[in-house]
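What follows is the residue order along each chain.
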Amino acid sequence: MYSIEKINIDDKSLNFIRIKNKDIELKLLDYGASLVELLVADNKGKRENIILTHENIYDYIENLPYFGATIGRTSGRIANGKFSLNQEEYQLNNNYDMNSGHGGYQGFNKKIWNYKILEGKGETSIIFNYYSKDMEENYPGNLQVYVKYTLRKNKVIIEYYANTDKTTLCNLTNHSYFNLSGNYKRDIKEQYLSIRSDEFLELNENMIPTGKFINVENTPMDFRKSKAIKESLDYDYPQIKLTNGLDHAFLLRESDNAITMIDNKSKRKMEITTTYPSVVIYSYNFPGNEKLKYKKTGKKHDGICFETQYEPDGINHENMNSAILKADKDYYEKTEYKFSII
């Protein structure tokens, strides 16, 4: 079941799309192929929003925290905005101080995507597509991108497809901030997290991976057993202090149920499965007093992102996934979110 609402923001004509079934409701915007709301029931059957949402739909135009947006061409930072492909040097737009981040000044989060809706037996999908021209934000190659959101029973599935006519970089993700309490009644610190990861990437003072993989053993980054998120955030540890919380890439040991998040009060449980080799976890460390839905103001640790992706800045490290997409190859990755009650 779906519905479409036309909205005009400044000189932009946009579409607000709702799809739902008996378990879940999604609200999406074609600007940035963004996930605006995700409503899931608690143990009493009360359906509430479990991602951070701007109070005003107009705020999705600027959207400094990237709430729910599709990120591309590359997610994460690229050191100094520089990389080399086929003996050619490229200089991206540096929108994160000295680095390029989340696709540049006008990344995929700031584009109006085309879309179509598909209804099948027991599921509804929205396929967004965007054509990124050669040298957009100084990335080489014409890149055709598709992002498919599918609602199926108690699952939300996001699939990423792309192809290019020239070797380029491609590293797509979704930037939703989760909070399983429902309508963010509480912050995430008392919610429980487990990650099937033995290593995370060390960051330097510019938030760029050094290339060193650190074993999570005896660090606050060890989520191999479920624990309250505050046990990590409140820990006196150099990497936590550097980023004011979590903002690190974790190497995933297994793709199935790679990440599990639980809220013991609402009894909501979310399991994330992905084909990507890593996930950047960001705990909303630097809120900008965003006006959130339900008359709230965004505060530190109100939400947490699970940015499934290739390792950020991998193109500049021999021991990481480079995120190179060649002209004769198709890009495909998938992240699945499964919801249940504990």
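The structure displayed is predicted, hence computed values, not measured ones. (Residues numbered from 1 in each chain as written. Predicted model: local features only at pLDDT ≥ 70, side-chain atom pairs only at ≥ 80, totals over all residues. Heavy atoms only, no water.)

**Overview of the overall build of the protein**
Along the protein, the regular secondary structure elements total 2 helices and 30 strands. In terms of overall size, the protein behaves like a compact globule, its C-alpha atoms giving a radius of gyration of 19 Å where 342 residues would be expected to give roughly 20 Å. Its C-alpha atoms put the protein at 60 × 50 × 35 Å along the principal axes. Counting every position in the protein, which comprises 342 residues, the buried fraction comes to 58%. Pairs at least 24 apart in sequence give 64% of the contacts found in the protein among residues at least 6 apart. For the protein, the computed accessible surface area is about 14,400 Å², with 44% contributed by carbon and sulfur atoms. Considering the protein, the positive charge centre built from 47 side chains and the negative charge centre built from 48 side chains are found 7 Å apart. (Helix = DSSP H or I, 4+ residues; strand = E, 2+ residues; numbered from the N terminus. Rg over C-alpha atoms; globule rule 2.2 N^0.38 Å. Buried < 20%, exposed > 50% of the residue type's maximum accessible area, 1.4 Å probe, protein only. Contact = heavy atoms within 4.5 Å. Areas by Shrake-Rupley, 256 points an atom, 1.4 Å probe, with all protein chains shown as cover. Lys, Arg positive; Asp, Glu negative; His and termini not counted. Charge placed at Lys NZ, Arg CZ, Asp CG, Glu CD.)

**Examining the sheet that holds strand β23 (residues 259–262)**
Pairing within the open sheet is antiparallel, and its 9 strands lie in the order β11-β12-β13-β14-β30-β24-β23-β18-β21. Both edges of this open sheet fall to β11 (114–120) and β21 (227–228), since each of them pairs with a single strand only. In this structure, strand β13 (residues 143–152) lies alongside strand β14 (residues 155–164), joined through 10 bridges in antiparallel fashion. Across the sheet, Thr150 pairs through a bridge with Ile157, a residue of β14. (Pairing = 2+ DSSP bridges.)

**Brief notes about the layout of surface pockets**
What the largest pocket holds in volume is close to 900 Å³. Taken together, 37 residues make up the lining of the largest pocket; nearest its centre are Leu64, Tyr66, Arg77, Tyr96 and His102. Within the residue set of the lining of the largest pocket, elements represented by two or more residues are β22 (247–252), β25 (278–282) and β28 (304–309). When residues of the lining of the largest pocket are assigned to their parent elements, the largest contribution, 3 residues, is made by β22. In the lining of the largest pocket, the residues fall into 17 nonpolar, 13 polar and 7 charged. (1 Å grid on protein atoms, 1.4 Å probe; cavity = no way out; pocket = protein on both sides within 12 Å on 5 of 7 lines; lining within 4 Å. Points joined across faces, edges and corners; volume = space filled by probe spheres on them. Nonpolar A, V, L, I, M, F, W, Y, C, P; charged D, E, K, R; others polar.)

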